[in-house]
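Below, each chain spelled out in residue letters.
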Amino acid sequence: MAMREKSNARKLLMSRQIIRKNSEDWELIPNLLDYDAARDHFSWEHEMTLLDGLPAGGLNIAHEAVDRHAAGDRREHTALRWLDKSGEVTDFTYGDLSLLTNRFANVLRELGVQKGDRVFALCERIPSLYITALGTLKNGSVFCPLFSAFGPEPLRARLSIGEATVLVTSEALYRRKVAALRENLPQLRHVLLIREQAEGNLPADTQDFQQLLNHASEEFSIENTDPEDPALLHFTSGTTGKPKGALHVHEAVLAHHASARLALDLHPQDVFWCTADPGWVTGTSYGIIAPLVIGATMIVDQQEFDPERWYSILRDHKVSVWYTAPTAVRMMMKVGSELAKQYELPSLRFMASVGEPLNPEAVMWGEEAFGLPFHDNWWQTETGGIMIANFLSQPIRPGSMGRPLPGIEAAVVRLDKDGTLQVIDDPDQEGELALKRGWPSMFRTYLYEEERYQKCFHGEWYLTGDLARRDEDGYFWFVGRADDVIKSSGHLIGPFEVESTLMEHPAVAEAAVIGVPDPMAGEIVKGFVSLKPGFEAGEALQQEIMALARKRLGPAVAPRQIQIEPTLPRTRSGKIMRRLLKARELGLPEGDTSTLEGNE
Ligand code: ATP
Ligand code: MG
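Residues numbered from 1 in each chain as written. Chains lettered and ligands numbered in written order. Predicted model: local features only at pLDDT ≥ 70, side-chain atom pairs only at ≥ 80, totals over all residues. Heavy atoms only, no water.

Some remarks on the environment of Ala276
Heads up, the rule is: The secondary structure listing takes helices from DSSP runs of H or I that are at least 4 residues long and strands from runs of E that are at least 2 residues long, numbered from the N terminus. Residue contacts are defined here by distance: any two heavy atoms, one from each residue, within 4.5 Å place the two residues in contact.
You can see Ala276 is positioned in the loop between strand 10 (271-274) and helix 11 (281-294). Sequence-distant contacts of Ala276, defined by excluding residues within four places in its chain, comprise Thr282 and Gly283.

Here you go:
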C-alpha cells in the first residue's frame, strides 16, 4: 500500500510539465531548438572549430575568453560590468581585460612563476580577482580560487595541499587570516596584496599587486598550453566530507563554451549574471570563463545576497540570462513574490539554477514571481561544467534535473555484489548516476589522491556518487547523494522527494531529511525544517507538516519526526549539510566543518 501511494505521488510529480513557447514565437532563436537533432549532430571536434586555438597549435582558456574577442570586433564590447558594494559601476571592455591580464601574466613571468605553478586567489568579488584568474591562465599557471570567507585553517589546508606558489589577496584578508600561517607554507614564494590605500608599510614578505601591475608591460604572448595542460584547481564544497582538490585542464573550455550555448542559451548580446562566487566551481566556470568565451557581458556584484539589490540589478543592468542556486531561490521565496513583482524585468529571458536539488515548488515560484520558470541543471566540481539540464526550448519537468547535454552520455547504473557494473536501461529505476568518461571538462585527478580518483571510474563510466532515476523520456530525477539515502523497512528512500513534499507546506522555508537508526525499521525518516516569517514553531505545526507528508508520501516514506530549527546548517556555497544534522542527531563527531557557513 505504502509503495503504491509513493509511486502515485511520484507519478503526479513526474507528469507535470512546463512548456514555454512554440518555436516560431522566439524573439532570439534558442541555440538548442531540437534536442534529439542537437545530440545527433554534436561532436567535440566540431566544437573545437568554434574556438580559435593558439597560433602555435595549443589551446588556452584565457585566449578563448578574452584575446580572441579583443582582437576582433568585440574589442569595445563590455566584458565585465563590476558593481562595487555601493552599487557604483565600472565597465571593462574585452580590450581592457586583454591588456590588464597581459600585465598580470607579465608580473608572474617576471617573478619567475612557471607553467604549472599554482596561483591562488583569496579575494572578494573585485576586478583584480578576474584579472588574476585570466592572467594566470595566460602564463600557463594553474588558477585556484579560495572563498574569501574561509577562516585560517581551511585556507592553510588548501594552500598547503595545493602547494601554492603565489597568493593574490587583499591586505586586510592577509593580515587577518594568512600572515600567521606563512611559516607553515614554505612553498608560498610570492604574496601579492591588493591594497585599499597605497600608503604605509606592506607586511613583511609581500608585494603590492597594483604597483606590480602598473609597472608590467601590456604586451604578452600567451604560453602555448596544450589542451591537456592543467589550468584550474577547484576544491569541492565539502558537503559530504573533507573537500577534494579536482584538477581541470585547458581543454575544459570546449565544455564551458558548449554548455553555455546549449544549457544556458547564452548569446554574445546577452547580459549574463551568475551569482555564484568564484571560490566555487560555478563561479569560475560560469562566473568567469563561459560568458567571456561566448563574448557576452557578465555582471559581477561585490555585495552578498539581498533581494531588493538583486532585483534592482536584474532591472537596472538589463540582465537577460540569470544563473543562481536553490539556496538563493529559497531565500527569495521566503521574502515572498510580491517584492519581486514590483520590478519590471523585460530583458530577463532565461533563469537557471544549480548546486542542490531544485524543488518543484521553487521552479513554479519562478513563474509566479518573474513570469519565468527556473531551469534546473546538474553538475559537480568534478565534471567542470553542466552535464544535465532543462533547456530553454524543451518542456521543463519540475523536480527533474533535465536531460544530458549533447556530447554527454549519462546513465543509471548499479554495481553487482561482485563489483560488475550494470547499466540499467529500464526507466524509473534508482541507481547511481554515471557519465561516460572523456568529456573535455572532466577532472583529471584529485590532487594527491590518485587512488581515490581511480576509484570513481568503472571501465568507461565515471560514478558521480549521486543517486538518480531516468524516466522513459530520458529526464533524470535526483534521488539523493549516495551517502544520504535512507534505508527504512526494506525501502530505499531518497531525501529529495521527501524534502520537496515538506516544501509544499506554506510554512516551510527549507527542509532536510535524514535517516535515524530504529530497532524495527533499520532507519526511520526524520525531517528538519526552518520556517517562513510569520509562522510559529510548535507541536501543532509539526503535526500538520507531518500529516501533509503522510498524505502525499504514505506512512512508509513520510518522516516520523519533524524538528523545527531556526536555520539549517549549510556550506558556504549554500548547500544543506545533512551529514551534520545526522552527526548532531546521533551525537557523533561533526567531521570536517571547514566549509560550514558561519564557521571561522
Ligand atoms: P563534496 O563532494 O565535497 O561533498 P559537493 O559534492 O557538494 O561537496 P560540489 O561539486 O560543489 O561539491 O557539488 C556537486 C553536488 O551537488 C552534486 O554531486 C549533487 O549532489 C549536488 N547537485 C548539484 N546540482 C544539483 C541539482 N541540480 N540537483 C541535485 N543535486 C545537485
Ligand atoms: Mg561531491
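Still to come is the rest of the account.
Observations regarding helix 12 (residues 307-316)
How we decide: Relative accessibility thresholds used throughout: buried, under 20% of the residue-type maximum; exposed, over 50%; partly exposed, between the two (1.4 Å probe, protein chains only).
Here helix 12 lies mainly inside the structure; 7 of its 10 residues are buried. Along helix 12, the residues classified as buried are Pro307, Arg309, Trp310, Tyr311, Ser312, Ile313 and Leu314. Lys318, located one to two residues past helix 12, shows a positive phi value of around 50°.

As for the sheet that holds strand 2 (residues 89-93)
Here is the rule: Strands pair, by our definition, only if DSSP identifies at least two bridges between them. Here an axis means a line fitted to C-alpha atoms, over the contact stretch when the element is a helix, while the angle between two N-to-C directions is reported on a 0 to 180 degree scale.
Spatially, the 9 strands line up as an open sheet ordered 2-1-11-10-12-13-14-15-16, and their pairing is mixed. Edge positions in the sheet fall to strand 2 and strand 16 (403-404), since each of these pairs with one other strand and no more. The pairing of strand 1 (residues 78-83) with strand 2 spans 5 bridges and is classified as antiparallel. Among the inter-strand pairings, Leu83 is bridged to a residue of strand 2, identified as Val89. Against the sheet, helix 5 (residues 94-110) touches strand 1 and strand 2, its axis set at about 80° to strand 2. Sheet strands in contact with helix 13 (residues 326-335) are strand 12 (321-324), strand 13 (350-353) and strand 14 (374-378), and its direction is about 100° off that of strand 12.

Looking at the site of ligand 1
For the record, the criterion: Working definition: residue near molecule or strand if any one of its non-hydrogen atoms lies within 4 Å of it. Definition of a polar contact: a pair of N or O atoms within 3.5 Å, with one able to donate and the other able to accept a hydrogen when the atoms are protein atoms, and with sequence-neighbouring residues admitted only if both atoms are side-chain atoms. Residue polarity is assigned by list, with Asp, Glu, Lys and Arg as charged and Ala, Val, Leu, Ile, Met, Phe, Trp, Tyr, Cys and Pro as nonpolar; anything else, Gly included, falls into the polar class.
If you check the shell around ligand 1, you find 22 residues, and the closest are Ser237, Gly238, Thr239, Thr240 and Thr381. Thr240 has a polar side-chain atom sitting 2.4 Å from an oxygen atom of ligand 1. Measuring from an oxygen atom of ligand 1, one finds a side-chain N or O atom of Arg481 at 2.8 Å. Looking at the shell around ligand 1, the elements with two or more residues in it are strand 14 and strand 23 (476-481). Residues belonging to the shell around ligand 1 are distributed by class as follows: 6 nonpolar, 9 polar and 7 charged.

Focus: the domain arrangement of the protein
Here is the rule we go by: Reported domain spans reflect what an automatic or database domain assignment gives. The term buried area denotes the loss of accessible surface (1.4 Å probe radius) that occurs when two parts are joined, taken as the sum for both partners.
You can read the domains of the protein as domain 1 (94-246) and domain 2 (486-586). Distance between the C-alpha centres of domain 1 and domain 2: 41 Å. Each side of the interface is counted separately: domain 1 has 8 residues, and domain 2 has 7 residues. Interface area, domain 1 with domain 2, both sides summed: about 560 Å², of which 53% is carbon and sulfur.

Quick notes on the pattern of salt bridges
We apply this condition: When a carboxyl oxygen of Asp or Glu is within 4 Å of a side-chain nitrogen of Lys or Arg, the pair counts as a salt bridge.
Tallying each qualifying case throughout the model produces 35 salt bridges. Among the salt bridges present, the one from Arg175 reaches Glu171, with a minimum N-O distance of 2.8 Å. Of this pair, Arg175 and Glu171 both sit in helix 8 (residues 171-178), separated by 4 residues, roughly a single helical turn. Of the charged contacts, one joins Arg469 and Glu430 as a salt bridge, the two residues approaching to 3.5 Å between their closest N and O atoms. Taken together, the residues span a long stretch of sequence, with Arg469 in strand 22 (residues 461-470) and Glu430 in the loop between strand 18 (421-423) and strand 19 (431-436) at a distance of 39 residues.

A few points about the packing of helix 6 (residues 127-138) against helix 11
Condition: We call two directions roughly parallel when the angle between them is under 35 degrees, roughly antiparallel when it is over 145, roughly perpendicular when it lies between 65 and 115, and oblique otherwise. Two helices that cross are described as forming a left-handed crossing if the nearer one is turned anticlockwise from the farther one by less than a right angle, and a right-handed crossing if clockwise.
Put simply, helix 6 and helix 11 touch, their axes get as near as 11 Å, and they point 65° apart. The orientation of helix 6 relative to helix 11 falls into the category roughly perpendicular. For the pair helix 6 and helix 11, the sense of crossing is right-handed. On the side of helix 6, the interface is formed by Tyr130, Ala133 and Leu134, while helix 11 contributes Gly287, Ile288 and Leu292.

Side note on the side chain of Ser141
Position of Ser141 among the secondary structure elements: in the loop between helix 6 and strand 4 (142-146). A relative accessible area of 0% means that Ser141 is categorised as buried. At a separation of 3.0 Å, a polar atom in the side chain of Ser141 contacts the main-chain carbonyl oxygen of Gln114. Within polar-contact distance, the side chain of Ser141 engages the side chain of Asn139 at 3.0 Å.

Thoughts on the pairing of strand 12
Neither face of strand 12 is left uncovered, since the one carrying Val321 and Tyr323 and the one carrying Trp322 and Thr324 both have all their residues buried. When strand 10 meets strand 12, the two strands line up parallel, connected through 3 bridges. In the strand pairing of strand 12, Cys274 is matched with Tyr323. Bridge analysis of strand 12 against strand 13 gives 4 bridges, and the strand direction is parallel. From the neighbouring strand, Val321 faces strand 13, where its bridge partner is Phe350.

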